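# Chains, contacts and geometry: an overview
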Amino acid sequence: RVAHDFSCIHSKDLLPAEDGEEATKHFLQELVNILLAYINKSLKRSSKVLDFHYPHQLKEGLEGFSLELPDQPDNLEQLLVDCRDTLKYGVKTGHPRFFNQLSTGLDIIGLAGEWLTSTANTNMFTYEISPVFILMEEVVLRKMHSIIGWPEEDGDGIFCPGGTMSNLYSVLLARFHLFPVVKTHGMSAIPRLALFTSAHSHYSIKKSAAVLGIGSENVIVVRCDERGKMISSELNSSIETAKSKGLVPFYVNATAGTTVYGAFDPLNEIADICKHHGLWMHVDAAWGGGLLLSNKHRVKLQGIERAHSVTWNPHKMMGVPLQCSTILVKKKGLLQECNQLCAEYLFQPDKHYDVSYDTGDKSIQCGRHVDVFKLWLMWKAKGSEGFEAQINHCLENAEYLYYKLKRRSDFQLVFKGKPEHSNVCFWYLPKRLQSILPSPERDRELHMVAPKIKTKMMEEGFTMIGYQPLEDKVNFFRCVFSNPATQREDVDFLIDEIVRLGCEL
Ligand SMILES: O=C(O)c1cc(=O)cc(C(=O)O)o1
């Protein structure tokens, strides 16, 4: 193919310009070539995960890569160079040795789904402008309801821009369910509320209470065991205490797969307590929801069918491209009642089709991105069995890492026992610390090890893993597996790289 000269054409020469079709085809084909080169590179172990630069270096402009916005249009050759550079200086989150976040991987079908979604460029507020996507959302949500174990006649939900928003919906719905007057009269019309969540749960529960005007101080944090699982007897006593202080408990968040440890709360015990006190039970399965697809692992979420609402992020363990998050609600109609404002310019009641398909008014958004298509396409491509296999593979990688570290004296696992999810948490002890008994002094030294290793790791760029302190524990690494491309050799590489970078610290 003749390489096209894009230096003398500009965006105005592309469609919808007259006879812009040829230039458009060549420009988009060239972009696809850039993306294909990036995809191949991301999946090659010989490539780096990242080519790290400090903010000032990127802002100054690297090798002509300027972030500044011009008055005159750039030509398409420059745009293609900018596209290459944007990817060059980014982080390859699809790389088999990228362990830094819960969302990793680069699924080709998911990517194709996202490309089609952008090309369709439509909105999810009404059936009239998204007929296919609205029906797909209904089909996919119903499938997820049945996987949770809710009966056919139950189940509602919506795709949200991330797990934090999904959790926020659950608090909003629980409050509306108990006090519908709050929608119109606000918080002054209702007594002081209290909600409960575990010490290891996601900070979005507190954030939801802050955003919704409930107050983050009214989020009562329930103690966990050494594995990070909520202690249900502590939940019960916290609820009793809140009542004795005149607060009105209304909501409990149980976590299925905590962010750092990957712990699963005892859902049946929590459901019993919620039933006894008449509280809304939400399960934040943003990270653990994917395990419902695995016959081997779904037992860890037993009791989830008793929840009033569930957050489940397919962009985590199912490897769907960001973003893809759902709030699933057992009671039909509540989302609509809670959020609808019936804007006449969108939700006309006298349309020529069944307006119950205009699901936009269930949302607290107006415009809403189509996040369902890439999930629907992946589900068609893999089948539920395909998702099960990839999720089991990720947990097998975690088990492999766990047993490798268990046998070594230079690594120490943060909690005893096999991980419930694909999170493996550990300290690395440089040679000089390996012979020192645990003490506050050793802890002070150990606290600096992970940040130093991470700095060198990012500067060299061959792998990437997260670290954090937690409660009384000094900085430790958290390795999580959600990328089906990751194999045992990548686990071996990670361990060797941490030793190489840290043994002399
Ligand atoms: O969607 C994600 O990748 C994600 C969401 C979190 O809340 C926390 C993390 C994380 O701790 O890696 O990841």
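Structure report, in brief. Note that the coordinates shown come from a computational prediction; the quantities given were computed from them, not determined experimentally.

The next subject is the nonpolar core. By size, the foremost hydrophobic cluster in this structure holds 95 residues, and its most contacted members are Val 283, Val 310, Trp 312 and Phe 426. When residues in this core are grouped by element, the largest group, 13 residues, is from helix H12 (residues 372-406). Those residues in contact with Phe 426 that lie beyond four places of it in its chain are Leu 401, Leu 405, Phe 411, Gln 412, Leu 413, Val 414, Ile 465, Phe 476, Phe 477, Cys 479 and Ile 498. If you look at the next biggest cluster of nonpolar residues, it comprises 27 residues, including Ile 158, Leu 168, Ile 205 and Ile 214.

Further remarks concern the sheet that holds strand S1 (residues 98-99). Within the open sheet, the 5 strands sit side by side as S1-S11-S12-S10-S9. Their pairing is mixed. Whereas interior strands pair on both sides, the edge strands pair on one side only; in this sheet they are S1 and strand S9 (411-413). Bridging between strand S10 (residues 423-428) and strand S12 (residues 473-480) involves 4 bridges; their strand directions are antiparallel. Paired with Asn 423 across the two strands is Val 480, which belongs to S12. Taken strand by strand, H12 contacts S9, S10 and S12, and its axis lies near 25 degrees from that of S10. The sheet strands contacting helix H15 (residues 488-502) are S1, S9, S10, strand S11 (464-470) and S12, and the helix crosses S10 at an angle near 25 degrees.

Right, let's talk about the site of the ligand for a bit. The ligand sits among Gln 101, Leu 102, Ser 103, His 202, Thr 259, His 315, Lys 316 and Arg 478. Note that an oxygen atom of the ligand is positioned 2.7 Å from one of the side-chain N or O atoms of His 202. Residue Arg 478 places a side-chain N or O atom 2.8 Å away from an oxygen atom belonging to the ligand. Partitioning the shell around the ligand into residue classes produces 1 nonpolar, 5 polar and 2 charged.

Let us look at the pattern of salt bridges. For the structure on display, the rule yields 27 salt bridges. In this structure, Arg 444 and Glu 441 form a salt bridge, with 3.0 Å as the shortest nitrogen-oxygen distance. With Arg 444 and Glu 441 both in helix H14 (residues 440-460) and 3 residues apart, this pair spans about one turn of that helix. Here Arg 500 and Glu 460 are joined by a salt bridge, their closest N and O atoms 2.6 Å apart. Here Glu 460 lies in helix H14 and Arg 500 lies in helix H15, a separation of 40 residues in the sequence. Assessed through its relative accessible area of 43%, Arg 500 is described here as partly exposed. Residues joined by salt bridges that share partners form a network here, namely Arg 45, Arg 97, Glu 489 and Asp 490.

What counts and what doesn't
Chains are numbered independently. Their residues run from 1 in the order of the written sequence. Note on the predicted model: pLDDT of at least 70 is required for a residue's local features to be given, and 80 or more for side-chain atom pairs to be given and counted; whole-chain, interface and lining totals, by contrast, use all residues. The side-chain values count all of the structure's non-hydrogen atoms but skip hydrogen atoms and water molecules. Definition used in this section: a nonpolar core is a set of buried Ala, Val, Leu, Ile, Met, Phe, Trp, Tyr and Cys residues joined via side-chain atoms within 4.5 Å. Whether a residue is buried, partly exposed or exposed follows from its accessible area with a 1.4 Å probe, protein chains only, as a fraction of its type maximum: under 20%, in between, or over 50%, in that order. Secondary structure elements are defined from DSSP: runs of H or I of at least 4 residues count as helices, runs of E of at least 2 residues count as strands, and each element is numbered from the N terminus. Contact definition: two residues touch when any of their heavy atoms are within 4.5 Å. Any two strands are treated as partners once DSSP identifies two or more bridges connecting them. Angles run from 0 to 180 degrees between N-to-C directions of axes, and those axes are lines fitted to C-alpha atoms, restricted for helices to the stretch in contact. Here a residue counts as near a molecule or strand whenever at least one of its heavy atoms sits within 4 Å of it. Polar contacts, as counted here, are pairs of nitrogen or oxygen atoms within 3.5 Å of one another; within protein the pair requires one atom able to donate a hydrogen and one able to accept it, and residues that are adjacent in sequence qualify only if both atoms are side-chain atoms. All residues other than Ala, Val, Leu, Ile, Met, Phe, Trp, Tyr, Cys, Pro, Asp, Glu, Lys and Arg, Gly among them, are scored as polar; the first ten of these are nonpolar and the last four charged. By definition, a salt bridge exists where a carboxyl oxygen of Asp or Glu is found within 4 Å of a side-chain nitrogen of Lys or Arg.

From the geometry alone we can't say anything about function, so treat these as descriptive.
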